[in-house]
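Analysis of the macromolecular model
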Amino acid sequence: SLMPKFPTDFTTFVDLFSGGFNVGANIECQKVVYNDISEEIMRLVKLFYKFNSNEIIEKLDYLIKKYKLSDSDSNGYEFYNCNSNNGLGSYNKKFFAKLRDDYNNSRKSIEKDFLFLLLTIYAFNNQIRFNGSGLYNMPIGKRDLNASMRKNIKLFSEKLKNRDIEFNSVSFEKIDFRKYENPFFYCDPPYLLGTASYNENGGWNEEKEIKLLGFLKSLSDNGIK
């Protein structure tokens, strides 16, 4: 674990590349700054901060019924003529396609954020990917909102409560360290040597890697850990 290596005398934890917020959600610090250049992912995490877990589950269950998606937690696999080895993709495929189309054709709203959360739950390996036109284009996966996923939603939502979290969606160099009291900056940037979804469509590249190095040097020069 990285956390035992973190300093202990900081007041504000600044997570520059927050993504799914696993580190920021588990850090022992009252003030946490979330930042991710993907506004969609930032808004997704913000759902868990804004709503309690019961509200989130109720909304997801409503949308599952609306789109006629599988609910294996209530009905099992046989109800959908599927089994746990092959998964639920064959049943969900056409309903997932409708959900994805509705999401891509929606304007920015809390409702759209919930559609995004549902897409992520039902998508292949729970992954997120957008094409060059900004449209979500992951295919259907094998699983649905099962008991394990429901438990994780509850735990994650509870982790974010009773904390002061500031949400941003900007390029890392636009985060001003002077705004924050006694900050510690945590950086888990996209991997330069990789073919992940964040490297598509003009994502992370050598120029940004060098810019990050300069940004980290400026932090260090100003005594910021």
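In short, a report on the structure. (Residues numbered from 1 in each chain as written. Predicted model: local features only at pLDDT ≥ 70, side-chain atom pairs only at ≥ 80, totals over all residues. Heavy atoms only, no water.)

What follows is about the overall build of the protein chain. The secondary structure content of the protein chain amounts to eight helices and four strands. The linear arrangement of helices and strands in the protein chain, starting from the amino end, is β-α-β-α-α-α-α-α-α-β-β-α. Rg of the C-alpha trace for the protein chain: 19 Å, near the compact-globule value of 17 Å for 225 residues, within the 12% margin. Once the C-alpha set of the protein chain is aligned to its principal axes, its extents read approximately 60 × 35 × 35 Å. When burial is assessed residue by residue, the protein chain has 44% of its 225 residues classed as buried. A fraction of 63% describes how many contacts in the protein chain between residues 6 or more apart in sequence connect residues 24 or more apart. Surface exposure of the protein chain reaches about 12800 Å², of which carbon and sulfur atoms provide 50%. Computed over 32 positive and 29 negative side-chain charges, the inter-centroid distance for the protein chain is 4 Å. (Helix = DSSP H or I, 4+ residues; strand = E, 2+ residues; numbered from the N terminus. Rg over C-alpha atoms; globule rule 2.2 N^0.38 Å. Buried < 20%, exposed > 50% of the residue type's maximum accessible area, 1.4 Å probe, protein only. Contact = heavy atoms within 4.5 Å. Areas by Shrake-Rupley, 256 points an atom, 1.4 Å probe, with all protein chains shown as cover. Lys, Arg positive; Asp, Glu negative; His and termini not counted. Charge placed at Lys NZ, Arg CZ, Asp CG, Glu CD.)

Pairing within the open sheet is parallel, and its four strands lie in the order β3-β2-β1-β4. Looking at which strands have only one partner, the edges of the open sheet turn out to be β3 (164–168) and β4 (183–186). For this sheet, the mean angle separating the axes of adjacent strands, direction not counted, is 20°. With five bridges connecting them, strand β2 (residues 31–35) and β3 associate as parallel partners. Each residue of the ladder has a partner; that of Asn-35, found in β3, is Asn-168. Running at roughly 160° to β3, helix α2 (residues 39–50) makes contact with β2 and β3 of the sheet. (Pairing = 2+ DSSP bridges. Axes fitted to C-alpha atoms, helices over the stretch in contact; angles between N-to-C directions.)

As a further point, take the nonpolar core. Counting residues in each nonpolar core, the largest one holds 48 residues, and the members touching the most others are Phe-13, Phe-21, Tyr-122 and Tyr-136. Elements represented by at least two residues in this core include exactly β2, α2, α3 (53–67), α5 (89–104), α6 (110–122), α7 (147–160), β3 and β4. Take this core: its biggest share by element is eight residues, from α6. Sequence-distant contacts of Phe-21, that is, excluding residues within four places in its chain, are made with Asp-15, Val-32, Tyr-34, Val-45, Phe-156, Leu-160 and Ile-165. Counting residues in hydrophobic clusters, the runner-up holds 14 residues, among them Val-33, Leu-212, Leu-219 and Ile-224. (Core = buried A, V, L, I, M, F, W, Y, C linked by side-chain atoms within 4.5 Å.)

A few words on the layout of surface pockets. Volume-wise, the second largest pocket comes out at about 160 Å³. Forming the walls of the second largest pocket are 13 residues, and the residues nearest its centre are Glu-40, Arg-43, Tyr-103, Lys-108 and Lys-112. (1 Å grid on protein atoms, 1.4 Å probe; cavity = no way out; pocket = protein on both sides within 12 Å on 5 of 7 lines; lining within 4 Å. Points joined across faces, edges and corners; volume = space filled by probe spheres on them.)

Once that is clear, we can look at the packing of α3 against α7. For any two helices packed against each other, the geometry is given by the interaxial angle and the distance between the axes. Direction vectors running N to C along α3 and α7 enclose 145°, while the axes themselves pass 9 Å from each other. In the packing of α3 onto α7, the handedness of the crossing is right-handed. Residues Ser-53, Ile-56, Ile-57, Leu-60 and Asp-61 of α3 form the contact with α7, whose participating residues are Arg-150, Ile-153, Lys-154 and Ser-157. Residues of the contact of α3 with α7, tallied by class, amount to four nonpolar, two polar and three charged. (Left-handed = near helix turned anticlockwise from the far one by under 90°. Nonpolar A, V, L, I, M, F, W, Y, C, P; charged D, E, K, R; others polar.)

Looking now at the packing of α2 against α6. Two elements in contact, α2 and α6, have axes whose closest approach is 9 Å; the angle formed by their N-to-C orientations is 100°. Relative to α6, α2 is oriented roughly perpendicular. When α2 is examined against α6, the residues Glu-40, Ile-41, Arg-43, Leu-44, Leu-47, Phe-48 and Lys-50 are found in contact with a partner set consisting of Ile-110, Asp-113, Phe-114, Phe-116, Leu-117 and Thr-120. In the contact of α2 with α6, the residues fall into eight nonpolar, one polar and four charged. (Parallel < 35°, antiparallel > 145°, perpendicular 65-115°, else oblique.)

Moving on to the side chain of Asp-113. Topologically, Asp-113 is positioned in helix α6. Looking at Asp-113, its side chain comes within polar contact range of the side chain of Arg-43, at 2.9 Å. Those residues in contact with Asp-113, other than ones at most four positions away along the chain, are Arg-43, Leu-44 and Leu-47. (Polar contact = N/O pair within 3.5 Å; in protein donor to acceptor, adjacent residues only side chain to side chain.)

With that out of the way, let us pick up the packing of aromatic side chains. Applying the stated criterion across every chain yields a total of 25 aromatic pairs. Summarising the aromatic geometry, the rings of Phe-13 and Phe-184 are spaced 5.9 Å apart at their centres and angled 55° between planes, so their arrangement reads as tilted. Of this pair, Phe-13 sits in strand β1 (residues 12–15) while Phe-184 sits in strand β4, and the two are 171 residues apart along the sequence. Assigned by exposure class, Phe-13 and Phe-184 land together as buried. Residues Phe-79 and Tyr-80 carry aromatic rings whose centres are separated by 5.0 Å and whose planes lie at 80° to one another, so their mutual orientation is edge-to-face. Phe-79 sits in the exposed class, given a relative accessible area of 59%. Members of the aromatic cluster, each reached through a chain of ring pairs, are Phe-6, Phe-10, Phe-13, Phe-184 and Tyr-186. One cation-aromatic arrangement involves Lys-112 over Tyr-103; the distance from NZ or CZ to the ring centre is 4.7 Å. (Phe/Tyr/Trp six-rings, centres within 6.5 Å; stacked < 30°, edge-to-face > 60°. Lys NZ or Arg CZ within 6 Å of the ring centre and 35° of its normal.)

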